[in-house]
Amino acid sequence: MKITNDICYVGVNDHKVDLFEGQYVVPNGMAYNSYVILDDKIAVMDTVDRNFTHEWLDNLAEVLDNKKPDYLIIQHMEPDHSANIANFMRTYPDATIVSSSKAFVMMNNFFGTDFSDRRIVVGEGDTLTLGKHTLTFVTAPMVHWPEVIVTYDSTDKVLFSADGFGKFGALDVEEDWACEARRYYIGIVGKYGAQVQALLKKAATLDISIICPLHGPVLTENLGYYLNLYNTWSSYATESEGIVIAYTSVYGNTAKAVELLAEKLRAKNCPKVVVHDLARTDMAEAVEDAFRYGRIVLATTTYNADIFPFMKEFIHHLTERNFQNKTVALIENGSWAPLAAKTMRSMLEGCKNLTFTNTTVKIMSALNKDSSAQLEALADELCKDYLAQQNSTADKNDMTALFKIGYGLYVVTSNDGKKDNGLIVNTVAQVTDSPNRIAVTINKLNYSHHVIKQTGVMNVNCLSVDAPFSVFQNFGFQSGRNVDKFADCTPLRSDNGLVFLPKYINAFMSLKVEQYIDLDTHGMFICSVTEARVLSDKDTMTYTYYQNEVKPKPATDNKKGFVCKICGYIYEGDKLPEDFICPLCKHGAADFEPIA
């Protein structure tokens, strides 16, 4: 298979393997990928599993057509990729191995030699010229072994990504990429999200047209889709809205509770409910879903003063992969001394940013009136935002939405008659409660000021602490006159027809302008509340929290001048003009501070 004019595929498909790495079910087999770059100098990219030595060498010989390879580039030393290094070197004794220093240590462990007389050690930024192709090596430690490198060919704009962007499944089988790539990533690489994030930042500086992984298909189109998924997975963000229920049941009573809860969740507009019986499901599938969705219910019995073994194993799979950023609910069952909830919670203590529900369901042997009521309360708590998002089930007069107002950060949405718009503000305040009046102050330079002054309506979305920096980039650093800020979003609408955000908010209010006050550079809109919904109990994003936890630290090293405290924009110069306006967030000189 030709990848480009000079790059060929020489990998193999494995349909004999039943458990990849001895634990992952692979019904559609596995691909072990290897590539050849044909140039003045010929480079072979990695080898394959030991069970396919002759098939791989045959593929290689066919592509080489009696030529001799000059280099064998080893990016990763796991045996499914490195097993045939010694066989290759016996077949092509004049070739040179190119790899990282740690990889050569591992070669000595595997093969009894580090090929010291036939090797080139490469590190971050090193290059190798083959002729018209120049290869640049990028270190990728712990993605997911310490010796890993990836290789960039600047001529054909190809990234040889080692195990990155790989998936389960042979290449001669058609199947959805994301499902098996997600299971592969979470199971094998999932622990190393920070390291993958570091590699993605390096990759962002490269002009990539093709990704050639060591497992799975060569990626040639929609690369943004694959990169975005990897960014989501490696940042432990929620990929899909929904709730996972993972359970074990001895005599069926816990299973009945789970079935009832699942029914209640679906009835309360939960967009997806996924149920895993941990004694029977593919454990890797259950782990994958736990990371994919934002909420999880763990239901199990007390067993030998501990928890049921399959649940214990499942939680170990989560914690060893840095499980985080989720809402967790617990259901315990026990006939005389239930301990399961306490045990599960203690097992999860080391996980970051877990929010436990207020409701914990306790079943004494079998469901009764009390535990059934607890299930109802749990379903209400888990689906609070889903219920509030739907016009048919929302409480549209929930004035506790006003309690979410603080010195926080908000997205004000409006519509100019042609498209939706939104901007970040930190100037929202309740000014009276009888009648309810909300004041929203907006800079006149913002397009939203112009739109709201014409239309007289807006929505105020109260951002919650889970809002990522991308929300502030989208709504704060560009003008709605020139950009459709909802182009990549499927928005929801309130009764006034305006957008409210589907996530990252804990409440919103629909406002009608009753009075306008001209404040020179800004305009203050005094508004009545026509609709108010509370979507979650998460804390409101305050200005302080944004500064400390969300906003990236600006790159001020070796720079002299002033930095915007809102967005990080750097003004270089000895003196900041008093009338200076930040070109990104439109805040004035008062919101700049000298670079220390």
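First, a word on scope: everything that follows refers to the structure included in this document. Fair warning: this is a prediction, and the values are worked out from it, not measured in the lab.

## Some details on the sheet that holds strand β8 (residues 71–73)
With mixed pairing, six strands are arranged side by side in an open sheet as β1-β6-β7-β8-β9-β10. Where the open sheet ends on each side, the last strands, each with one partner, are β1 (7–9) and β10 (119–121). Strand-to-strand twist of the sheet, defined as the mean angle between neighbouring strand axes without regard to direction, takes the value 20°. Two strands pair when backbone bridges link them, and β1 and strand β6 (residues 35–37) are joined in this way by three bridges, in the antiparallel orientation. When the bridges of β6 are listed, Tyr 9 appears paired with Tyr 35. Docked against the sheet, helix α1 (residues 53–64) engages β1, β6 and β7 (43–45), running at close to 25° with respect to β6. With respect to the sheet, helix α4 (residues 101–111) is in contact with β9 (96–99) and β10, its orientation differing from that of β9 by roughly 125°.

## Some details on the packing of helix α8 (residues 253–267) against helix α12 (residues 369–382)
α12 packs onto α8 with a crossing angle of 40° between their chain directions and a minimal axis gap of 9 Å. Viewed along their axes, α8 and α12 adopt a mutual orientation that is oblique. With respect to the hand of their crossing, α8 and α12 are arranged in right-handed fashion. Across the interface between the two elements, Ala 257, Leu 260, Leu 261, Lys 264 and Leu 265 from α8 touch Ser 372, Leu 375, Glu 376, Leu 378, Ala 379 and Leu 382 from α12. When the residues that make up the contact of α8 with α12 are grouped by side-chain class, the tally is eight nonpolar, one polar and two charged.

## Quick look at the packing of helix α5 (residues 177–189) against helix α9 (residues 283–292)
Interhelical geometry of α5 versus α9 gives an angle of 95° and a closest axis separation of 9 Å. It follows from the interaxial angle that α5 and α9 lie roughly perpendicular. Contacts between α5 and α9 involve Cys 179, Glu 180, Arg 182, Arg 183 and Ile 186 from the former and Ala 284, Glu 285, Val 287, Glu 288, Phe 291 and Arg 292 from the latter. Residues belonging to the contact of α5 with α9 are distributed by class as follows: five nonpolar, no polar and six charged.

Calculation rules
- Residues numbered from 1 in each chain as written.
- Predicted model: local features only at pLDDT ≥ 70, side-chain atom pairs only at ≥ 80, totals over all residues.
- Heavy atoms only, no water.
- Pairing = 2+ DSSP bridges.
- Helix = DSSP H or I, 4+ residues; strand = E, 2+ residues; numbered from the N terminus.
- Axes fitted to C-alpha atoms, helices over the stretch in contact; angles between N-to-C directions.
- Contact = heavy atoms within 4.5 Å.
- Parallel < 35°, antiparallel > 145°, perpendicular 65-115°, else oblique.
- Left-handed = near helix turned anticlockwise from the far one by under 90°.
- Nonpolar A, V, L, I, M, F, W, Y, C, P; charged D, E, K, R; others polar.

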